[in-house]
Amino acid sequence: MSEAGRIVLEARGIEKGFLAPDGSRIDVLKGVDLEVRAGESLSLQGQSGSGKSTFLNVISWLDRPDTGTVSWDGREVSRLQDKEIARCRAESLGFVFQSYYLMPELNVLENVLMAARMVGKVSPVETGRAQTLLAKVGLQDRIYQLPGKLSGGERQRVAIARSLMNRPALLMADEPTGNLDEKTAEVVMGLLLELCRDESASLILVTHNPEFASRTGRQLHLTGGQFSDQF
Amino acid sequence: MPWPLYLALKQLFPTGRWFSFYSAISILGVMLGVMVLLIVQTVMNGFGDKIRENIVARDADIRIQGDILYQWKPLLEELAARKEIKAATPFAEGVVMVKRGNIPFMPYFRGVDVGLEGGVYPLAEFLKNVADAEGKAPVHDETGKLDGFQSFSMQCSLDDLDDETIILGRDLAANLNAFRGDTIEVFTPLMLEKAKRDEVLLPREFEVAGAFQSGWYEVDSNTAIVTLRAMQELYGLGRGVHGLALKLEKGHNAEKVARELEGVFKERHLPFHAVSWLKKNESFLFFLGMEKWVMFFIMIFIILVASFSIAVTLSVSVLRKTREIGLLCSIGARQAQIAQTFCLQSVAIGVIGVGMGIVGALLALYYRNRIVGMFLSIFHAQDAFYELYGFEGIPASYSVQDFVLVSIFTMVLTTMAGLLPAIRASRLKPAEALRSE
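The structure presented is a predicted model; accordingly, all values stated were derived computationally and were not measured. (Residues numbered from 1 in each chain as written. Chains lettered and ligands numbered in written order. Predicted model: local features only at pLDDT ≥ 70, side-chain atom pairs only at ≥ 80, totals over all residues.)

*Asks:* If you had to explain the overall build of chain B to someone new, which residues and values would you point to?
*Replies:* A count of helical and extended segments in chain B gives 18 helices and 13 strands. Out of the 437 residues belonging to chain B, those deemed buried represent 39%. (Helix = DSSP H or I, 4+ residues; strand = E, 2+ residues; numbered from the N terminus. Buried ≥ 20, exposed ≤ 12 C-beta atoms within 10 Å, placed from the backbone.)

*Asks:* Can you explain the overall build of chain A? Please cite residues and give values.
*Replies:* Of regular secondary structure, chain A possesses seven helices and 10 strands. Counting every position in chain A, which comprises 231 residues, the buried fraction comes to 48%. A separation threshold of at least 6 residues defines the contact pool for chain A, and within that pool the share at least 24 residues apart is 70%. (Contact = placed C-beta atoms within 7 Å.)

*Asks:* Go over the sheet that holds strand 5 (residues 75-76) of chain A with me, naming the residues and quoting the values.
*Replies:* Residue and element names in this part refer to chain A. Spatially, 2-1-4-5 is the arrangement adopted by the four strands of the open sheet, whose pairing is antiparallel. A strand with exactly one partner marks an edge of an open sheet, and here the two such strands are strand 2 (25-37) and strand 5. As defined by bridge partners, strand 1 (residues 7-19) adjoins strand 4 (residues 67-72) across five bridges and the pair is classed as antiparallel. Within strand 4, the residue paired with Arg12 across the bridge is Thr69. Seen against the sheet, helix 1 (residues 52-59) touches strand 1, strand 2 and strand 4 and runs at an angle of roughly 125° to strand 1. (Pairing = 2+ DSSP bridges. Axes fitted to C-alpha atoms, helices over the stretch in contact; angles between N-to-C directions.)

*Asks:* Would you mind going over the interface of chain A and chain B in detail, with residue names and values included?
*Replies:* With 23 residues of chain A at the contact, the number on the chain B side is 19 residues. Only helix 2 (82-92), strand 6 (93-97) and helix 3 (108-118) of chain A provide two or more residues apiece to the side of chain A that touches chain B. It is helix 2 of chain A that provides the largest number of residues to the side of chain A that touches chain B, a total of six residues. Class assignment for the residues of the side of chain A that touches chain B results in 12 nonpolar, three polar and eight charged. (Nonpolar A, V, L, I, M, F, W, Y, C, P; charged D, E, K, R; others polar.)

*Asks:* Kindly report on helix 4 (residues 124-136) of chain A, identifying the contributing residues and their values.
*Replies:* Residues and elements named next belong to chain A. Taking 1.5 Å as the rise per residue, helix 4 with 13 residues should run 18 Å; its terminal C-alpha atoms sit 18 Å apart, in good agreement. Among all positions of helix 4, only Arg129, Ala130, Leu133 and Leu134 are buried. End-on view of helix 4: buried residues confined to an arc of 135°, all on one side of the axis. Facing away from the buried side of helix 4 by over 90 degrees, the exposed positions are Pro124, Val125, Gly128 and Thr132. At its buried positions, helix 4 is contacted by helix 3 and helix 5 (152-164). (Expected span 1.5 Å × (residues − 1). Arc of directions from axis to C-beta.)

*Asks:* Lay out the sheet that holds strand 10 (residues 226-227) of chain A in plain terms, naming residues and giving numbers.
*Replies:* Each strand in a sheet pairs with its neighbour through backbone hydrogen bonds, running either in the same direction (parallel) or in the opposite one (antiparallel). All names here are of chain A. Across the sheet, which stays open at both edges, the six strands sit in the order 6-7-8-3-9-10 with mixed pairing between neighbours. Each edge of the open sheet carries a strand with a single partner, namely strand 6 and strand 10. The sheet contact formed by strand 7 (residues 170-174) and strand 8 (residues 202-206) spans five bridges and is parallel. Within the sheet, the bridge partner assigned to Leu171 lies in strand 8 and is Leu203.

*Asks:* Give a detailed account of the confidence of the model for chain B, specifying residues and quantitative values.
*Replies:* Summing up the model confidence of chain B, the mean pLDDT is 84 and the portion of residues at 70 or higher is 93%. Model confidence for the complex is summarised by a pTM of 0.69, with the ipTM given as 0.83. (pLDDT = per-residue confidence, 0-100.)

*Asks:* Could you give me a rundown of the packing of helix 12 (residues 282-320) of chain B against helix 14 (residues 335-366) of chain B, with the residues and numbers involved?
*Replies:* All names here are of chain B. With their axes 11 Å apart at the nearest point, helix 12 and helix 14 run at an angle of 145° to one another. Read as a crossing pair, helix 12 and helix 14 show a hand that is right-handed. Residues Ile310, Leu314 and Val318 of helix 12 lie in contact with helix 14, whose contacting residues are Phe342, Gln345, Ser346 and Ile349. Each residue belonging to the contact of helix 12 with helix 14 can be placed in one class, and the counts come to five nonpolar, two polar and no charged. (Left-handed = near helix turned anticlockwise from the far one by under 90°.)

*Asks:* Tell me about the nonpolar core, residues and numbers included.
*Replies:* Nonpolar side chains in soluble globular proteins generally cluster together in the buried interior. Ranked by size, the top nonpolar core spans 115 residues in total, and within it A:Val112, A:Leu134, A:Ala161, A:Leu170, A:Leu171, A:Ile204 and B:Val34 carry the most contacts. With 10 residues, the top contributor of residues to this core is helix 2 (residues 21-59) of chain B. When near neighbours in sequence (up to four residues on either side) are disregarded, A:Leu134 contacts A:Val108, A:Leu109, A:Val112, A:Leu139, A:Gln140, A:Ile143 and A:Ala161. One finds B:Ile85, B:Val120, B:Leu172 and B:Ala230 within the second-largest nonpolar core, a separate group that totals 59 residues. (Core = buried A, V, L, I, M, F, W, Y, C linked by C-beta atoms within 7 Å.)

*Asks:* Before we move on, can you summarise the pairing of strand 1 of chain A with the specific residues and values?
*Replies:* Residues and elements named next belong to chain A. Relative to strand 2, strand 1 runs antiparallel, the two sharing 10 bridges. Bridged to Glu15 within strand 2 is Lys30. Linking two consecutive strands that pair antiparallel, namely strand 1 and strand 2, is a turn of five residues; a positive phi of about 95° is found at Gly23 within it.

*Asks:* Mind laying out unusual backbone geometry, listing which residues take part and the relevant values?
*Replies:* Residue and element names in this part refer to chain A. A positive phi is found at Trp61, a non-glycine position, where the angle reads about 65°. Mapped onto the fold, Trp61 is located in the loop between helix 1 and strand 4. With 23 C-beta atoms packed within 10 Å, Trp61 lands in the buried category. Phi angles above zero are rare outside glycine, and Arg167 is one such case at about 50°. Of note, Arg167 is situated in the loop between helix 5 and strand 7. Classification of Arg167 by C-beta neighbours within 10 Å gives exposed; the count is 12.

*Asks:* Go over the packing of helix 5 of chain A against helix 6 (residues 182-198) of chain A, please, and point to the residues and values.
*Replies:* Residues and elements named next belong to chain A. Following both chains from N to C, one finds helix 5 and helix 6 inclined at 10°, their axes separated by 10 Å at the closest point. The orientation of helix 5 relative to helix 6 falls into the category roughly parallel. Listed contacts from helix 6 to Gly152, Gly153, Gln156, Arg157, Ile160 and Leu164 of helix 5 are Thr184, Val187, Val188, Leu191, Leu192 and Leu195. In terms of residue class, the contact of helix 5 with helix 6 is built from seven nonpolar, four polar and one charged. (Parallel < 35°, antiparallel > 145°, perpendicular 65-115°, else oblique.)

*Asks:* Could you give an account of helix 10 (residues 254-267) of chain B, with specific residues and numbers?
*Replies:* All names here are of chain B. For helix 10, spanning 14 residues, the distance from its first C-alpha to its last is 20 Å, which sits close to the expected 20 Å at 1.5 Å a residue. Among the residues of helix 10, those classed as buried are Ala254, Val257, Ala258 and Leu261. One side of helix 10 carries all its buried residues, which in axial view fall inside an arc of 100°. For helix 10, the exposed residues set more than 90 degrees away from the buried face come down to Gly263, Lys266 and Glu267. Those residues of helix 10 hidden inside the fold are in contact with strand 1 (62-69), strand 12 (241-248), strand 13 (272-276) and helix 11 (277-280). Remark: His269 follows helix 10 within two positions and exhibits a positive phi of approximately 55°.

As structure tokens, then:
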């Protein structure tokens, strides 16, 4: 199979529910299927509480589905050992969250390099790549700053650079512009899409913004626990 | 460097800052605990060693005792010829009453063989110790009125000791207000024996030849030295002695040699006992050792409090960093590695705290006399303090074993303090951690 046709993520029959405080069960995902191919970008829209973030957590195996299977690059995750899952997650997946989640004790460069440390790669080559990524997101002059000194937009740009540090096959962005003003959100989203293209990374973008969603190759809506536009 | 260690160190010593406030408090706690433990242990060792030294100086390594020994000379020669025995000397000793003016005292008199005594007891050293100790005697005019004080040395040598003279412990001399050339009267138990038979024995007079100073107040305030012959007369021993004192060559265990000698005496049916200084002071030495460990036990609680503060600090850290823990999972951290990160923080706090505690303890011990002197001078209590303990300065005896024990003990406690928060952190579910507020 050609690189472009390679399936980097496959989710089949994903079901996930939670117990409500009153003891009743809330089914969030009801048999969701998804395939993501290499280099593909898709957006995930839906109302708050519709299960978008839950779906991202499940397909990244940060949360286990009640039923269904998830495969990364053709390897079924439930058959992998914890060590392999962590390794695959570090090497093949990238995350950008709404709240940035930068480590306050580390400066900008160290935060980006943290992803490389996870896979035991800290060398001048990796440091160079981190600096290149930070230059691409326009933070080449702020690499030794602590996150506390950065604006929200700048922090999110650091988070984007970190998510791409290990050249992941798939990047998952969970409302990356949710905490930003309109203008900054526009800049950040532009950078995110551009860098994913440059790095040939697939992208799953969770967003409430239809305009941002329209810039991806495929738009999915999560309603009633299922995608309204299944592949 | 593995990333859990890297992150642990970064959380303790963040980029752009020397250290975080929480880590500084925890390290300080461990440091103080280790410092106090080591200082107490080292000073207690010092006290113990000093007391042991003084016991040996007073009692010799082994004493051969039994009934009054009349035929002691052949035994002395035989013992002195043994390779493990460095020197041997006879002694006669006991309590007497001395009186000077209206001041009575009940000191311990020791009759010594001037020629042999120096081989067993460091008498020459004790005599030299009073080289600078000046006596001040009141001077009266012809009418008996006080006419000032005259200073003179109390120093003497063993050559000054004869059957008519006496060497007093420095503090005994001071208590008796006795100076060189003064006369003191001595009353002995023999006088009571004579009185029973309606005989009168007059008190014996001795001229003060000088003073000695062993450095141990209990000895210096309660002991006087006379010749063996004088003591034999005071106690009516004839040519007999109370026993023989032995000094061993270095490296020999006093208790072991004493047991060997006991065996020899038993074999020959001799009515003597060999008592080592260890055996004679067994109870005292046992309590001395116990005291050290009781102090250790009490001081442990300081380390426990410090460890508790580490556990609290790290638990708060786990709470504060819940979302970061979620992030770490999302970028490839395993639960065990998350636990390692927090556990390594407590290990690092322990290592740094122990290191700083050792340095702090060594510094405090090096300047111990200056520090204690400073505190005592505030309360004008130097003299009382040294008189109470009988030592010149605070003794200290460094024991590698104690330093290693305290370090390992502290490391174990601080590591355990980090385990609970570490386990808690590792059990966080990544998705829930990311959602947490």
